[in-house]
Amino acid sequence: MTAADHVNHARGLPSFADVDAARQRILGIAHRTPVMTSRTANALTGAHLFFKCENFQRAGAFKFRGACNAIAALSDEARARGVAAFSSGNHAQAIAYAAKLQGVPATILMPADAPAMKLAATRGYGAEVITYDRYTEDREALGRVLAEERGLTLIPPFDHADIIAGQGTAAAELFEEVGPLDMLIVPLGGGGLTAGSALSAEKLSPDCEIYGVEPEAGDDGRQSLKAGEIVTIAVPRSIADGALTSRLGHLTFPIIRRLVTDILTVPDDALVEAMRFFAERMKLVVEPTGCLGAAAAFTGTVPVAGKRVGVILSGGNVDMASFARFF
Ligand SMILES: *Cc1c(COP(=O)(O)O)cnc(C)c1O
């Protein structure tokens, strides 16, 4: 460990050593997802794009990585009491499934208007689901009360060292597979995936620029980077339902501030165009949030021309009825 790593550890911040430990913990539980390329996408952008396909991850999104790592890191007593999570969807499914695979009971707090497929899948993994109103109720407070009353360990969706470290394993696999990159473009909500990816890039591809991409309607991350402090916004409305966060985390923000080149936004219609491209040209089902990074590359929002660029397709959980309605 370097001196800087020691300082960061004292603040509770994860380092690449934690990403490496996560890789060992999730080995054989999480999938090593494929990296795909498309001549058409390269021709369209003038770049060489490498898509890391987390839509093929277990439970349908990268969140399974962090969930697996956080649960595997718990003590035996904590595992016996069980875990709780609050989430707009993919984190809930990930915790439910990772808990089930590790024999740990799970209670999940989900917004009542979460996609039907996500609610059903979470119940299907054997978790107890409790619903709340995402526009009027404070899910964090609800989650804390629930965890306290039942003695459960609350695992937050992004602001947790084991979650960030677990999410960083996707980018670590990508660099291992394709070598150093000029840029890595990452969908950004609370910043767990972006912070973890940045830790991997710093170690495995130190010259790689990192871009986080948010929905245009919820640019709190961009505002925070500009202001140099965490900016909180009202819960945004966008089809990118996995990125409807109102602020970055106390752990994710300092990592993002130190390592991320820029945070940019794309409008919802660019997400729909990217979804169409993946379905028609690459035969991939990618959910709207999963298209944030790709849409930024396709629209030239991130200047990718002439570069070797990693793009994380962060998830594929969209039910076909909603999918069809976008077109
Ligand atoms: C949660 C999620 C994100 C955002 O991840 P953060 O770690 O909150 O930044 C992006 N894409 C998908 C598919 C997600 O489920």
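Residues numbered from 1 in each chain as written. Predicted model: local features only at pLDDT ≥ 70, side-chain atom pairs only at ≥ 80, totals over all residues. Heavy atoms only, no water.

The name an unreviewed UniProt entry assigns to the chain is Threonine dehydratase, from the organism Consotaella salsifontis. Per UniProt, the comment on the chain under Cofactor (unreviewed entry) is "pyridoxal 5'-phosphate". In its Sequence similarities (unreviewed entry) section, UniProt records this for the chain: "Belongs to the serine/threonine dehydratase family." (UniProt positions renumbered as here; feature names shortened; annotations may be inferred.)

**Student:** Mind showing me how you'd approach the state of the cysteines here?
**Tutor:** As used here, a disulfide is simply a covalent bond connecting the sulfur atoms of two cysteines. A complete count under the given rule lists zero disulfides for this structure. Cysteine cysteine 68 is unpaired, with the sulfur of cysteine 53 as its nearest cysteine sulfur at 19 Å. Cysteine 68 sits in the buried class, given a relative accessible area of 1%. With no disulfide of its own, cysteine 291 has cysteine 53 as its nearest cysteine by sulfur position, at a separation of 11 Å. (Disulfide = S-S within 2.5 Å. Buried < 20%, exposed > 50% of the residue type's maximum accessible area, 1.4 Å probe, protein only.)

**Student:** Please clarify how the pattern of salt bridges should be interpreted in this entry.
**Tutor:** When charged atoms on two side chains of opposite charge get close, those side chains can pair. What the rule picks out here adds up to twelve salt bridges. Between arginine 23 and glutamate 176 there is a salt bridge, and its shortest N-O distance comes to 3.0 Å. You can see arginine 23 sitting in helix α2 (residues 16–26) and its partner glutamate 176 sitting in helix α9 (residues 161–178), a full 153 residues away along the chain. Classification of arginine 23 by relative accessible area gives buried; the value is 18%. A salt bridge links glutamate 140 to arginine 247; the shortest N-O distance between them is 3.2 Å. Of the two residues, glutamate 140 is situated in helix α8 (residues 139–150) and arginine 247 in the loop between α11 (220–227) and α12 (252–259); the sequence distance between them amounts to 107 residues. The exposure class of glutamate 140 is partly exposed, given its relative accessible area of 27%. Connected through salt bridges with shared partners, the residues Arg23, Arg32, Glu176 and Glu177 form a single ionic network. (Salt bridge = Lys/Arg side-chain N within 4 Å of Asp/Glu carboxyl O. Helix = DSSP H or I, 4+ residues; strand = E, 2+ residues; numbered from the N terminus.)

**Student:** Whenever I open this one, the pairing of strand β10 (residues 308–313) confuses me. Can you help?
**Tutor:** On a regular strand, one side chain projects to one face of the sheet and the next to the other, so that they alternate. Judged by how many residues are buried, β10 sits mostly within the fold: five of six residues are covered. One ladder, built from six bridges, connects strand β2 (residues 48–53) with β10; its direction is parallel. Bridge assignment links cysteine 53 to a residue of β10, and that residue is leucine 313. In terms of strand pairing, strand β7 (residues 183–187) meets β10 through three bridges, oriented parallel. Across the sheet, residue isoleucine 185 finds its bridge partner in β10, namely valine 311. (Pairing = 2+ DSSP bridges.)

**Student:** Just to check I follow, could you spell out α11 for this structure?
**Tutor:** An α-helix turns once every 3.6 residues. As a result, residues three or four positions apart point the same way. Within α11 the residues assigned to the buried category are Asp220, Gly221 and Ser224. Each buried residue of α11 sits inside an arc of 100° when the element is viewed along its axis, so together they form one side. Of the surrounding secondary structure, the elements contacted by the buried residues of α11 are β8 (209–215), α12 and β9 (262–266). Of the residues flanking the end of α11, it is glycine 228, one or two places downstream, whose phi is positive at about 75°. (Arc of directions from axis to C-beta. Contact = heavy atoms within 4.5 Å.)

**Student:** Sorry, what's going on with the packing of α2 against helix α4 (residues 63–72) here?
**Tutor:** When two helices pack together, their arrangement is captured by the angle between the axes and the distance separating the axes. Following both chains from N to C, one finds α2 and α4 inclined at 85°, their axes separated by 9 Å at the closest point. Taken together, the axis directions place α2 and α4 in an arrangement best described as roughly perpendicular. Of the residues in α4, those touching α2 at Ala22, Arg25 and Ile26 are Arg65, Cys68, Asn69 and Ala72. Considered class by class, the residues forming the contact of α2 with α4 number four nonpolar, one polar and two charged. (Axes fitted to C-alpha atoms, helices over the stretch in contact; angles between N-to-C directions. Parallel < 35°, antiparallel > 145°, perpendicular 65-115°, else oblique. Nonpolar A, V, L, I, M, F, W, Y, C, P; charged D, E, K, R; others polar.)

**Student:** Please explain the sheet that holds β10 as it appears in this structure.
**Tutor:** Neighbouring strands of a sheet are bound in pairs by backbone hydrogen bonds; such pairs are parallel or else antiparallel. Overall, mixed pairing links the six strands, which are arranged β1-β2-β10-β7-β8-β9 in an open sheet. The open sheet has two edge strands with one neighbour each: β1 (35–36) and β9. Across the face of the sheet, helix α10 (residues 192–204) comes into contact with β7, β8 and β10 while running at roughly 160° to β7.

**Student:** Where do I start with the side chain of serine 197 in this structure?
**Tutor:** Its place among the elements puts serine 197 in helix α10. The class of serine 197 is buried, set by a relative accessible area of 0%. At 2.6 Å, the side chain of serine 197 forms a polar contact with the backbone oxygen of leucine 193. (Polar contact = N/O pair within 3.5 Å; in protein donor to acceptor, adjacent residues only side chain to side chain.)

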